[in-house]
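# Structural characterization, general
Listed here are the chains, written in short residue letters.
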Amino acid sequence: MKKSIKQFLIIISLSIFVTACFDFPKDAIMPNWDVDVNVPLTGDKVTMMELLDPESSDFLGIYDSIGVDDSLYFLFVDDIENTDAIAQSIVINPAPFPSALNIEGEATTDTVSSAIVFNPDQDYHLIAASFSSGSFKITITNNESTSTYFKIIIPGFKKKTDGTQMIVTDNIPGNTFRTYTKEMSLYNYRELPVYFGFPLTEPYNYQNAQGFLVVLKAFSNNEINLSSTINNDPSTVERLEGKIKRLSLGKISQIIETGLTSDIEDFQSSITLRDATLKLTAQTIGEISNVAVIFDDMQITGFEKNQDGNIVDSTKLLFNGSDSYRDSMITGQPFFVEFNQDNTNVTDFLLNFPSSIRINNEFTVAPVANTTQIISSSDSIKITAQISAPLILAAKEASYDSEAEIDLSDDDKDALNDVRSAYVRAEIANRMPIGVSVRIAIVDRNENELFALQNTNGSELFEIAAGQVDSETGAVTNSTHSDLVFSINENQINLLTSSGAKAKLAIFAKTSGGTSSTFGPFVRFRANDYLEYKISAGIVYNVDLDE
């Protein structure tokens, strides 16, 4: 926006001076006598759309507003996204397995068995799950002197490759122990149907509590005395169906470069905005269901960086006076919230024109009561933020200085030696809600002012009034017309041709009614607002008939 304002101001000024003054068609010079020649030089119609060019900018867009479909919106930040995976953050830290899975028996040809149900984490209930990490470490100790054949079965775990149950089987010698490891990532888990209070008996098609059913069987022709310890490493869930606990996903930080530069500082204190908004939308992606997603600590900070890369001039976006925002959503339900200047400081935030914006988020997930949750590693939470402001602004009188080299060839200088005076006329129709006053001075190579151009009433300021605007909408309703004429005499032309001469432009821009200390009314910029101009020039040229 900063550069676009400058382009608008410089187009007006240079079209009056640089484009107009020095395009002298040589075939218009009469060789035999002094002649006053009037030459049309240039003319054009420039729209706000062409000046700002939204298609080439990431920060400008055209949106329907007040029923006018060519309104321009100034988008500072569009579609900032934070996407965070969920299931990779769910880690089950199991409690110790109870040491109740032991078998003792007399010498027999029958199989002796025992079974328990163990819930490794009381905050979770796994109806079905797959894991990306974790393992069972099973240690069997034979307390008798003779060998014993045993089998441990965990019926809920089925191998991913062939569907067979998780089984450990071996013939363990007397008075020894052995440890066996089973990787959970190789199996899918599904809990057997639960019938509370029923005894655990073969063929173990159900279980009497929620958790992992573990069965130990043993066979020996001698006494049987086996004891076991089972350790379950912390495991990371790949997919879970059941009940989850409240879980923080940690902090996420993202920095967005806005593309705004320090050029805007020329106008920063002279502009105020209206109707700026911050829009937040959120959605969950994947099969996640029956989960509440809580935004625990969302913070948005705008800042600049100095030459050393250090953050300076940071400004926090405040939500009802707080520098963090907290809200929640339920998976599968749309989430949208819009903040404006009534409940945030979004206008002041944008008027700092930050070159970078940092979004900090902290997500928490929690179960929806009396439901079964589903979460998988492909699930994620996506937050989209859009900070925007329509080009509705009020302005004080803002000044901007620029300069243009006057590059004349030797032929141009020779031609100008015979020019006695010249004038330029600019006829301007302005249908933009901003006007300018321009002072054009000619300086030498040492920046000493040689002279300033004057209009026909002796003033050094060339005024282009802002278009007439509707007091309610701020939209331009009629164009204003300015007829600007300035002239230069023979002495000024001689100064103009001196080596190193430059044109220095002092530009003062304001919306209608603005002064150097007060803002004018709010005005609305639209894509089809325009500035139309026609520029002509006249010269008095003298020819020495003796030459």
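In this report, we go over the structure that sits alongside the text. All values derive from a computational prediction rather than experimental measurement.

Calculation rules
- Residues numbered from 1 in each chain as written.
- Predicted model: local features only at pLDDT ≥ 70, side-chain atom pairs only at ≥ 80, totals over all residues.
- Heavy atoms only, no water.
- Helix = DSSP H or I, 4+ residues; strand = E, 2+ residues; numbered from the N terminus.
- Buried < 20%, exposed > 50% of the residue type's maximum accessible area, 1.4 Å probe, protein only.
- Contact = heavy atoms within 4.5 Å.
- Areas by Shrake-Rupley, 256 points an atom, 1.4 Å probe, with all protein chains shown as cover.
- Salt bridge = Lys/Arg side-chain N within 4 Å of Asp/Glu carboxyl O.
- Pairing = 2+ DSSP bridges.
- Axes fitted to C-alpha atoms, helices over the stretch in contact; angles between N-to-C directions.
- Phe/Tyr/Trp six-rings, centres within 6.5 Å; stacked < 30°, edge-to-face > 60°.
- Lys NZ or Arg CZ within 6 Å of the ring centre and 35° of its normal.
- Polar contact = N/O pair within 3.5 Å; in protein donor to acceptor, adjacent residues only side chain to side chain.
- Core = buried A, V, L, I, M, F, W, Y, C linked by side-chain atoms within 4.5 Å.

The next thing to look at is the overall build of the protein. A count of helical and extended segments in the protein gives six helices and 38 strands. Residues counted as buried form 48% of the 547 residues belonging to the protein. If you take every contact in the protein between residues at least 6 apart in sequence, the share linking residues at least 24 apart comes to 81%. Summing over all exposed atoms, the protein offers an accessible surface of approximately 25400 Å²; the carbon and sulfur share of this is 45%.

Moving on, we come to the pattern of salt bridges. Considering all chains together, one arrives at 13 salt bridges under this definition. Put simply, Arg274 and Asp275 hold a salt bridge, and the shortest N to O gap is 3.4 Å. Overall, Arg274 belongs to the partly exposed group, its relative accessible area being 23%. Looking at Asp275, the relative accessible area reads 35%, which means it is partly exposed.

A few words now on the pairing of strand E7 (residues 125–133). Of the pairings in the sheet, the one linking E7 to strand E15 (residues 235–243) comprises seven bridges and is antiparallel in character. Directly across from Ser130, in E15, lies its bridge partner Arg239. With three bridges connecting them, E7 and strand E12 (residues 187–190) associate as antiparallel partners. The residue bridging Ser130 from the neighbouring strand is Asn188, located in E12.

Let us now look at the sheet that holds strand E11 (residues 176–183). What holds strands together in a sheet is hydrogen bonding between their backbones, with the strands either parallel or antiparallel. On the basis of which strands lie adjacent, the open sheet formed by four strands has the order E5-E14-E8-E11 and antiparallel pairing. The open sheet terminates on both sides in strands that have one partner only, identified here as strand E5 (103–105) and E11. Mean inter-strand twist for the sheet, computed between neighbouring axes without regard to direction, equals 15 degrees. Note that E5 and strand E14 (residues 224–232) share three bridges and pair antiparallel. Paired with Glu104 across the two strands is Asn225, which belongs to E14.

A few words on the packing of aromatic side chains. For the structure on display, the rule yields 14 aromatic pairs. For the pair Phe157 and Phe212, a centre-to-centre distance of 5.2 Å together with 70 degrees between the ring planes defines the contact as edge-to-face. Of this pair, Phe157 sits in strand E9 (residues 148–159) while Phe212 sits in strand E13 (residues 212–220); the two residues are 55 residues apart in sequence, bridging distant segments of the chain. Each member of the pair, Phe157 as well as Phe212, carries the same accessibility label: buried. Summarising the aromatic geometry, the rings of Phe319 and Tyr325 are spaced 5.3 Å apart at their centres and angled 35 degrees between planes, so their arrangement reads as tilted. The exposure class of Phe319 is buried, given its relative accessible area of 4%. Overall, Tyr325 belongs to the buried group, its relative accessible area being 10%. An aromatic cluster of three or more residues is present, and its members are Phe131, Phe136, Phe157, Tyr189 and Phe212. Lying over the aromatic face of Phe522, Arg274 brings its terminal NZ or CZ to 5.6 Å of the ring centre.

What follows covers the environment of Lys382. Take Lys382: it is sitting in strand E25 (residues 380–390). Given a relative accessible area of 19%, Lys382 falls into the buried group. Distance from Lys382 to Ala282, taken between C-alpha atoms, is 5.6 Å for residues 100 residues apart in sequence.

Attention shifts here to the environment of Asn430. For Asn430, the position within the fold is in strand E28 (residues 419–430). Here the alpha-carbon distance between Asn430 and Lys45, two residues 385 residues apart in the chain, equals 9.7 Å. From its side chain, Asn430 meets the backbone nitrogen of Met432 in a polar contact 3.0 Å long. Among the polar contacts made by the side chain of Asn430, one reaches the main-chain carbonyl oxygen of Ile434 at a distance of 3.0 Å.

With that settled, the discussion passes to unusual backbone geometry. Even without being glycine, Asn175 reaches a positive phi, approximately 55 degrees. Residue Asn175 is classed as exposed on the basis of its relative accessible area, which comes to 56%. For Glu447, which is not glycine, the phi torsion reads 70 degrees and is therefore positive. Among the secondary structure elements, Glu447 is positioned in the loop between strand E29 (435–443) and strand E30 (449–452).

Let us look at the nonpolar core. Grouped together as the largest cluster of nonpolar side chains are 110 residues, with contacts concentrated most on Leu126, Phe131, Phe136, Phe150, Phe157, Leu278 and Ile300. Ile153, Leu200, Tyr204 and Val215 belong to the second largest nonpolar core, which has six residues in total.

Looking at the secondary structure, you find Pro193 in the loop between E12 and E13. Note on Pro193: relative accessible area 43%, which makes it partly exposed. Through-space distance from the C-alpha of Pro193 to that of Gln207 is 6.3 Å; in sequence the pair is 14 residues apart. Apart from the residues within four sequence positions on either side, Pro193 is in contact with Asn205, Tyr206 and Gln207.

Read across the sheet, three strands follow the order E17-E26-E37 without closing on themselves; strand pairing throughout is antiparallel. Among the strands making up the open sheet, the edge pair consists of strand E17 (271–273) and strand E37 (523–524). Both E17 and strand E26 (residues 392–395) contribute to a ladder of three bridges, which runs antiparallel. By the bridge assignment, Ile271 is partnered in E26 with Ala395.

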